[in-house]
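Spelled out from the first residue to the last, the chains are:
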Amino acid sequence: MKKAFVFGKFLPFHKGHEALIRFALSKADFLTVLICCSNYEETPPEKRVQWIQDAFPMEPDLEIRVLHYLEEDLPNTSVASEQVSFIWSKKFKEILPDYELVITSEEYGDYVAGFMGIQHIAFDIPRNLYPVSASAIRSDRTKYWEFLPDSVKPDFALKVVILGTESTGKTTLANQLADYFQCTVVQEAGRDLIAHSDSVEFDQLESVAIEHARRIEEATKGPHPLLIIDTDIHITLSYARFLFGSTLNLPDSVFHRNKADLYLYCTRDVPFVQDGTRLGEEQRNKLDESHRTVLQSYGISFTELTGSWESRFKEAVGAVADLSLQLKNSRIPFYAVPVYNYDPLTIQVGKFSGQLREEHPARLLALADRIKAEIDEVPIEALYVLSIRLYDLGKKDQAVYWFYTAQNRARIFMGMVDKEQMGGMGSEAFELMHLFSAFNQIVGIYLNGYAFNDVDKLIPIVQKVRAEVQDIATCNRVYKNVQFLPDANLDSCKKSKEEELDASIIYLRENKEEIKRKRIEAGIQDKY
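Residues numbered from 1 in each chain as written. Predicted model: local features only at pLDDT ≥ 70, side-chain atom pairs only at ≥ 80, totals over all residues. Heavy atoms only, no water.

Caption draft 1: Structural view of the pattern of salt bridges. Under the criterion given, the structure shown has 36 salt bridges. One salt bridge connects Arg268 with Asp288, and the closest N-O pair in it is separated by 3.1 Å. With Arg268 in the loop between strand S9 (262-266) and helix H12 (281-297) and Asp288 in helix H12, this pair connects stretches of sequence that are 20 residues apart. One continuous salt-bridge network, built from bridges that share partners, spans Asp192, Glu211, Arg214 and Arg215. (Salt bridge = Lys/Arg side-chain N within 4 Å of Asp/Glu carboxyl O. Helix = DSSP H or I, 4+ residues; strand = E, 2+ residues; numbered from the N terminus.)

Caption draft 2: Quick look at the sheet that holds strand S2 (residues 30-38). On the basis of which strands lie adjacent, the open sheet formed by 5 strands has the order S3-S2-S1-S4-S5 and parallel pairing. At either margin of the open sheet sits one strand with a lone partner, and together these are strand S3 (62-69) and strand S5 (119-122). On average, each strand axis in the sheet is tilted by 25 degrees relative to the strand beside it, whichever way the strands run. Here 8 bridges tie S2 to S3, and the two strands are oriented parallel to one another. Considered in S3, the bridge of Val33 is made with Ile64. (Pairing = 2+ DSSP bridges. Axes fitted to C-alpha atoms, helices over the stretch in contact; angles between N-to-C directions.)

Caption draft 3: Seen up close, empty space enclosed by the protein. The tally for this structure, following the rule as stated, stands at 1 cavity of 30 Å³ or more. Approximately 110 Å³ is the volume attributed to the largest cavity. In terms of lining residues, the largest cavity is bounded by Ile375, Asp376, Val378, Ile380, Arg409, Ile472, Ala473, Thr474, Cys475, Val478 and Tyr479. Looking at the lining of the largest cavity residue by residue, the class counts come to 8 nonpolar, 1 polar and 2 charged. (1 Å grid on protein atoms, 1.4 Å probe; cavity = no way out; pocket = protein on both sides within 12 Å on 5 of 7 lines; lining within 4 Å. Points joined across faces, edges and corners; volume = space filled by probe spheres on them. Nonpolar A, V, L, I, M, F, W, Y, C, P; charged D, E, K, R; others polar.)

Caption draft 4: Examining the nonpolar core more closely. Counting residues in each nonpolar core, the largest one holds 70 residues, and the members touching the most others are Leu356, Phe413 and Phe436. Of all elements in the fold, only strand S13 (345-347), helix H14 (361-373), helix H15 (380-392), helix H16 (396-416), helix H17 (428-451), helix H18 (455-467) and helix H19 (490-522) reach the threshold of two or more residues within this core. Among the elements that make up this core, the one with the highest residue count is H16 (12 residues). Setting aside chain neighbours within four positions, we find Phe436 in contact with Ile380, Glu381, Tyr384, Ala410, Phe413, Met414 and Tyr479. Judged by nonpolar contacts, the second largest core, of 64 residues, contains Ile35, Ile194, Leu205 and Leu295. (Core = buried A, V, L, I, M, F, W, Y, C linked by side-chain atoms within 4.5 Å. Buried < 20%, exposed > 50% of the residue type's maximum accessible area, 1.4 Å probe, protein only. Contact = heavy atoms within 4.5 Å.)

Caption draft 5: Structural context of the sheet that holds strand S12 (residues 340-342). Spatially, the 3 strands line up as an open sheet ordered S11-S12-S13, and their pairing is antiparallel. This sheet does not close on itself; its edge strands, each paired only once, are strand S11 (335-336) and S13. Bridge count for S11 against S12 is 2 bridges, and the pairing is antiparallel. Among the inter-strand pairings, Tyr335 is bridged to a residue of S12, identified as Asn341.

Caption draft 6: Spatial organisation of the pairing of strand S4 (residues 101-104). On S4, burial covers both faces: Leu101 and Ile103 on one face and Val102 and Thr104 on the other are all buried. By the bridge criterion, 2 bridges tie strand S1 (residues 3-8) to S4 in an arrangement that is parallel. The partner of Ala4 across the bridge, within S4, is Leu101. By the bridge criterion, 4 bridges tie S4 to S5 in an arrangement that is parallel. Bridge pairing in S5 places Thr104 opposite Ala122. Handedness of the crossover joining S4 and S5 through helix H4 (residues 109-116): right-handed. (Right-handed = clockwise from strand over helix to strand, strands pointing away.)

Caption draft 7: Molecular detail of unusual backbone geometry. The amide bond that connects Leu11 to the next residue, Pro12, takes the cis arrangement and shows omega of 0 degrees. Here Pro12 lies in the loop between S1 and helix H1 (15-27). Backbone geometry places Arg127, a non-glycine residue, at a positive phi of 60 degrees. The topology assignment puts Arg127 in the loop between S5 and helix H5 (134-139).

Caption draft 8: View of helix H3 (residues 82-95). Taking 1.5 Å per residue, 14 residues should reach 20 Å; H3 reaches 20 Å between its end C-alpha atoms and fits that length. By the burial criterion, the buried members of H3 are Val84, Ser85, Trp88, Ser89 and Phe92. Each buried residue of H3 lies within a common arc of 130 degrees when the element is viewed along its axis, so the set occupies one face. The outward face of H3, more than 90 degrees from its buried face, is lined by the exposed residues Gln83, Lys90 and Glu94. (Expected span 1.5 Å × (residues − 1). Arc of directions from axis to C-beta.)

Caption draft 9: Seen up close, the side chain of Ser387. Considering the arrangement of structural elements, one finds Ser387 in helix H15. Residue Ser387 is classed as buried on the basis of its relative accessible area, which comes to 0%. Excluding residues within four positions of it along the chain, Ser387 makes contact with Ala399, Trp402 and Phe403.

Caption draft 10: Spatial organisation of the pairing of strand S6 (residues 158-164). Counted residue by residue, S6 has 7 buried out of 7 residues, so it is predominantly covered. Neither face of S6 is open: one carries Leu158, Val160, Ile162 and Gly164, the other Lys159, Val161 and Leu163, and all of them are buried. As paired elements, S6 and strand S8 (residues 226-230) share 5 bridges and run parallel to each other. Along S8, the bridge assignment pairs Val161 with Ile229. Relative to S9, S6 runs parallel, the two sharing 5 bridges.

Laid out in structure tokens, this is it:
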């Protein structure tokens, strides 16, 4: 029996992977698909297994295994590296000792096979058949959406739900947003199944809930990853409570399909229009209170849309635009494992690590406020990462402030480290100093590149950072294993930093036209 294997992260599983596996099945009697899951990846292995199982539901000669590994032991790279391939091949040989064939779409497949002493068969390395990669999908979901199998799409769709009581413009707004963003709209099932709110029967509400969930599920498999959904399960639950004083007993799958990334709530401060299907105005207002109570009981946070129809639409567009940044990953390509990796997004900087993965700009800004309140207890590397994440999500002015704040503190850290006690490679102080330098050099290209687009806007940011120098406390609170100079040296270190920033402010004021001219000549003005 000829046994073969393919391996990968499958983040996400796409049609190119599916074609690779089908090709591999034709070349072997038995095939193992090895899913490599690192200790820093958020997508659970069970999810990846399910994606592949859904694509190959009745394949007796196929098995799916999961390889859990530590990135400190098995390095991540998609580049054809002989050294990295040697490390991985040893692990593959250990767990697949009697396999004689590996099939890949990568140049490094030859290295792996050579080290294992087995055969490598390449499949579509130039990506001519399927011009896609998992990293390309992660970087631009909209562009590569067609390459995701239907079983995978629901996990990568972005859902926006329009909520509110009757006669608040939900359906009109949903259609307007779908037209504006050229995406999919899911129409309210209740409008098609219930003739009038006064004549609804309890059993009809269950039918509405199930049908609406089905429509959402089908829409996630459509041509666009962004969905605008007119109402949701919580509104149906509210009707059951408001009209019948009872609760719908629904399967978990209904709630799962309704789960959204953004909830917009249309307030009732608009004229009531009776279209012949609605409750009376007084009942409609009481229903509004019921909706809010139900949403609160299920922990659903929402953004209220108030005022004129025009202002509601404008505010909704802004909220959806912020959310849709997630569809296109324009992350700064920086990695310093295990502290940070941009793709897949990996963050290990202490207690805020999980929250720094936040993809919603407003919530990330709220996190920045919390970090600000505890800043002397926060690792400097967390401040650098915050600046990267803000930049990635389009909050570039705030990103500049946090980058310079991190840089400020990093330079004071470097000035306060006792160089005679620092130690060499592998010591915490040595590694941190090189980490901070990497942030400054690589991330600085993007943050400085953006900041110097508008010197008039940059100067107040630098002034703010300068004003906060004296608030910097000793580094001992965070880095307890690093040997620092006595605290008596801190004041002189901070004074030196203040003088440096003062000189920078003067330079910016006196040379802003020259800075702009040189940037235009170099072709970098407005590039970042």
